[in-house]
Amino acid sequence: MTTPIRHSGARAQVRDPGIQPHTQRLVSLSRFRVRTLRRAPRNDRLKVVRSIFLAITFALLATAPAGAGVFEERKEQCLACHGDKGMSPTPETPSLGGQPDLFVLYQLVGFRDAQRTSEIMNEMMKGMSDDDLRAAGAFIAKMPPPSPPTEAGEPARMARGKTLAENNRCNVCHTADYTGQDQMPRLRNQREDYLLKALRDYKTGKRFGGRAEMNEVLNPLDDTALADLAYFLAHMR
């Protein structure tokens, strides 16, 4: 039996009244994840986040997609904004190609349960079941990643952005080639305008999600540094 999961505040809650003890333990873990992160040394936070997140999301992914009718009905609308070949044609709208299945699923649950705010996305997610979200995640994960730009980026800006990414350990969480893993998104060749928007939102606290350390990492960086970082990631070849 599939256990539906939803967000509530900073927590993930299970709606099934017949919840199994093992699943209840997973929910209990999520309820103190922020407190655990605050106690953990900064270098260990990734391990804490991954262990908690993966336990919860694997419970959600335990059943194969079924009955994903709402997603199938709305899929073309999704592709109209995000692109049908993995690359977004829409300003400040992310390319979805190559994003890890777990990352996509986590974001969609957040939009559906209004823990991430976007008028369009919140509306699109209304009425979607967990099976719809699983189907969407699986579909997106199979899309080809965005193509690298045809022209090389400006050397000085690429060098500055690369240094910023390495100094701030972006290549640890998002992998050495910035293609993402598990709940960590792919950054390589993402739209530059979307990357800059996301970085600004994390820095100001407008966007939080489950990544408390993003604000901590970005807070010391000025807008020029954020722009160089976005430029580097978007122009990687």
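Treat the numbers as computed from the prediction; the structure is a model and nothing was measured. (Residues numbered from 1 in each chain as written. Predicted model: local features only at pLDDT ≥ 70, side-chain atom pairs only at ≥ 80, totals over all residues. Heavy atoms only, no water.)

A word on the nonpolar core. Among the nonpolar cores identified, the biggest contains 22 residues, and Tyr178, Phe232 and Leu233 are the most heavily contacted of them. Among the elements of the structure, helix H8 (155–167), helix H10 (192–204) and helix H12 (223–234) are those that each provide at least two residues to this core. Setting aside chain neighbours within four positions, we find Phe232 in contact with Met158, Gly161, Lys162, Ala165 and Tyr178. Ranked by size, the runner-up nonpolar core spans 19 residues in total, among them Leu79, Met121, Leu133 and Ile140. (Core = buried A, V, L, I, M, F, W, Y, C linked by side-chain atoms within 4.5 Å. Buried < 20%, exposed > 50% of the residue type's maximum accessible area, 1.4 Å probe, protein only. Helix = DSSP H or I, 4+ residues; strand = E, 2+ residues; numbered from the N terminus. Contact = heavy atoms within 4.5 Å.)

Our next topic: unusual backbone geometry. Of note in the backbone geometry, Glu92 takes a positive phi value of approximately 55° without being a glycine. Locating Glu92 in the fold gives a position in the loop between helix H4 (69–82) and helix H5 (101–112). Even without a glycine there, the phi angle at Asn189 is positive, about 65°. Position of Asn189 relative to the elements: it lies in the loop between helix H9 (170–173) and H10.

A residue-level look at the protein finds 70% of positions with pLDDT of 70 or above and a mean pLDDT of 81. Considering only residues more than four positions removed or in separate chains, one finds that residues 60–66, a stretch of pLDDT under 50, has 17 contacts. (pLDDT = per-residue confidence, 0-100.)

A few words on the environment of Gly127. Along the chain, Gly127 falls in the loop between helix H6 (119–125) and helix H7 (130–141). Measuring from C-alpha to C-alpha, the distance between Gly127 and Arg112 comes to 8.2 Å, with 15 residues separating the pair along the chain. Every residue in contact with Gly127, bar those within four places of it in the chain, is listed here: Val70 and Asp132.

With the rule as written, the count across this model stands at two aromatic pairs. On the basis of an interplanar angle of 90° and a centroid distance of 5.9 Å, the ring pair of Tyr178 and Phe232 is categorised as edge-to-face. Of this pair, Tyr178 sits in the loop between H9 and H10 while Phe232 sits in helix H12, and the two are 54 residues apart along the sequence. Each member of the pair, Tyr178 together with Phe232, is buried. The aromatic ring of Tyr231 is capped on one face by Arg157, whose charged end is 4.2 Å from the ring centroid. (Phe/Tyr/Trp six-rings, centres within 6.5 Å; stacked < 30°, edge-to-face > 60°. Lys NZ or Arg CZ within 6 Å of the ring centre and 35° of its normal.)

This paragraph deals with the packing of H4 against H7. Relative orientation of the contacting elements H4 and H7 amounts to 40°, with a least axis distance of 9 Å. What the angle tells us is that H4 and H7 run oblique. Between H4 and H7 the crossing geometry is right-handed. Contact residues: Gly69, Val70, Phe71, Lys75 and Leu79 in H4; Asp132, Ala135, Ala136 and Phe139 in H7. Taken together, the residues of the contact of H4 with H7 break down into six nonpolar, one polar and two charged. (Axes fitted to C-alpha atoms, helices over the stretch in contact; angles between N-to-C directions. Parallel < 35°, antiparallel > 145°, perpendicular 65-115°, else oblique. Left-handed = near helix turned anticlockwise from the far one by under 90°. Nonpolar A, V, L, I, M, F, W, Y, C, P; charged D, E, K, R; others polar.)

Another point: H4. In an α-helix, one turn spans 3.6 residues; hence positions three or four apart end up facing the same way. With 14 residues, H4 should cover 20 Å at 1.5 Å per step; its first-to-last C-alpha distance of 20 Å lies within 8% of that length. Where H4 bends most, at Lys75, the angle is about 45°. Along H4, the residues that are buried comprise Phe71, Lys75, Cys78, Leu79 and His82. The secondary structure elements touched by the buried residues of H4 are H6 and H7. (Expected span 1.5 Å × (residues − 1). Bend = angle between axes of the 7 residues up to and from the residue.)

For the pair H10 and H12, the least separation of the axes is 9 Å and the interaxial angle reads 140°. In terms of their interaxial angle, H10 and H12 are classed as oblique. Note on packing geometry: the crossing formed by H10 with H12 is right-handed. Along the contact surface, H10 presents Glu192, Leu195, Leu196, Leu199, Arg200 and Lys203, while H12 presents Asp223, Leu226, Ala227, Leu229, Ala230, Tyr231, Leu233 and Ala234. Here the contact of H10 with H12 is composed, by residue class, of 10 nonpolar, no polar and four charged.

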